[in-house]
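Geometric and topological summary
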Amino acid sequence: MAGPTQQEETHPPQVDGFKIKGKLVNGKIKDLASVLRSISFLEIAPEKDVLNVIYVESRDIDKNPYLFSIAKIKEDEVEVTYTIPTEISPRKRRVDVIRYLLNIFSLIEDSYRVENKTLYQLIESAITDLSNSVTMEYTKLYTQYDSLKKEVKDLNKKVERLTEQSQALSTSNYELKSANDELNLRVKELEGLSDDVLKSKLQEWISEHNGSINIIEFSKLYKVSEAKIEDALNRLVNEGYIEVVR
């Protein structure tokens, strides 16, 4: 059996209890005190024809007993009262208290016997309740797990579909970009003027504009760099097709 510990809790615990038929087979009730006092963490409080065995497992912030049990050992029965904190399952708490009492009964069995039938029924009932609780919790958890498993499976399928769609879009986007690059290159080729065409256009412009040319406007109109225009003009001058008037 473990000794008591300190517990800083403020919520009042529930209280429950049970009775077990017993029989004093040797000596007096008060004689049991000397045996039980050998357990350091037990508090023994004798009354007339009753021995109170108090086991304080934890206390609240004000040092008051919080998790504890009281076993009133009488000549013909043992009356047990115990607390159930909110954080502990009532079924588990009952099993823990019974397990603790079995240790107490084993210490005093030479002088005091509890009725086996009552004890066995109590143990069987407590274990059944605990087992049913665990089964229900397991069923609940398994149902949640099964639901989450299906949800994950559906999400994985969705991710696979989205991945395939993304890959298809990436391929389509790449093909469109390649086609667009080819079209842009083709447009540039079509928009670009050959050297002979450029010289012809320059001569037409100069003829139509009284022998002058605005290189900036010509460049914007025919989408030809100003440097290429100047180079073409120089060639026209060198070839004698136009002359520079100063």
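Our structure is the block above this text.
All residue numbers refer to positions counted from 1 along the written sequence of the respective chain. Confidence filtering applies because this is a predicted model: local features only for residues at pLDDT of at least 70, side-chain atom pairs given and counted only at 80 or more, and all residues used for totals across whole chains, interfaces and linings. To obtain the side-chain values, all non-hydrogen atoms of the structure were included, while hydrogens and water were left out.

1. Overview of unusual backbone geometry
Unusually for a residue other than glycine, Lys63 sits at a positive phi of about 70 degrees. Strands are runs of DSSP state E lasting at least 2 residues, helices are runs of H or I lasting at least 4, and numbering of each runs from the N terminus. Among the structural elements, Lys63 can be located in the loop between β3 (50–59) and β4 (65–73). Even without glycine at this site, Asn210 takes up a positive phi of about 55 degrees.

2. Here we look at helix α2 (residues 90–107)
One less than the residue count of a helix, multiplied by 1.5 Å, gives the span that helix is expected to have. Taking 1.5 Å as the rise per residue, α2 with 18 residues should run 26 Å; its terminal C-alpha atoms sit 26 Å apart, in good agreement. By the burial criterion, the buried members of α2 are Arg93, Arg94, Asp96, Val97, Ile98, Tyr100, Leu101, Ile104 and Phe105. For the exposure calls, accessible area comes from a 1.4 Å probe over protein chains only, and a residue counts as buried if that area is under 20% of its type's maximum, exposed if over 50%, partly exposed in between.

3. Re the packing of aromatic side chains
Whether two aromatic rings pair depends on their centres lying within 6.5 Å, for rings of Phe, Tyr and Trp, where Trp uses its six-membered ring; planes under 30 degrees apart make the pair stacked, over 60 edge-to-face, and the rest tilted. Taken as a whole and assessed by the stated rule, the structure comprises five aromatic pairs. Pairing Phe41 with Tyr55 gives two aromatic rings, centres 4.9 Å apart and planes at 45 degrees, and the pair type is tilted. Pair noted here: Phe41 is in the loop between α1 (32–36) and β2 (42–47) and Tyr55 is in strand β3, with a separation of 14 residues, a long-range link. An identical accessibility class is assigned to Phe41 and Tyr55; each is buried.

4. A word on the pairing of strand β1 (residues 14–24)
Two faces, one strand: in a regular strand the side chains alternate between the faces of the sheet. Looking at chain direction, β1 and strand β5 (residues 77–84) are connected through eight bridges and run antiparallel. For Gly17, the partnering residue across the bridge sits in β5 and is Thr81. Should DSSP find at least two bridges between two strands, the strands are regarded as paired. As paired strands, β1 and strand β6 (residues 112–114) are joined by three bridges and run antiparallel to one another. Bridging from a neighbouring strand, Lys23 pairs with Arg113 of β6.

5. So, the side chain of Arg93
By the element assignment, Arg93 lies in helix α2. Note on contacts: a residue pair qualifies if any of its non-hydrogen atoms lie within 4.5 Å across the two residues. When neighbours within four sequence positions are excluded, Arg93 is seen to be in contact with Glu57, Leu67, Phe68, Ser69, Tyr82, Thr83, Ile84 and Ile88.

6. As for the sheet that holds β3
The strands making up a sheet associate through hydrogen bonds between their backbones, and the pairing can be parallel or antiparallel. In space, the six strands of this open sheet follow the order β2-β3-β4-β5-β1-β6, with antiparallel pairing throughout. Only two strands of the sheet have a single partner each, and these edge strands are β2 and β6. This sheet shows a mean twist of 25 degrees between the axes of neighbouring strands, independent of strand direction. Examined bridge by bridge, β4 and β5 share five bridges and lie antiparallel to one another. Counterpart to Ala71 in the pairing with β5 is Val80. Note on geometry: axes are lines fitted to C-alpha atoms, helical ones only across the stretch in contact, with angles between N-to-C directions running from 0 to 180 degrees.

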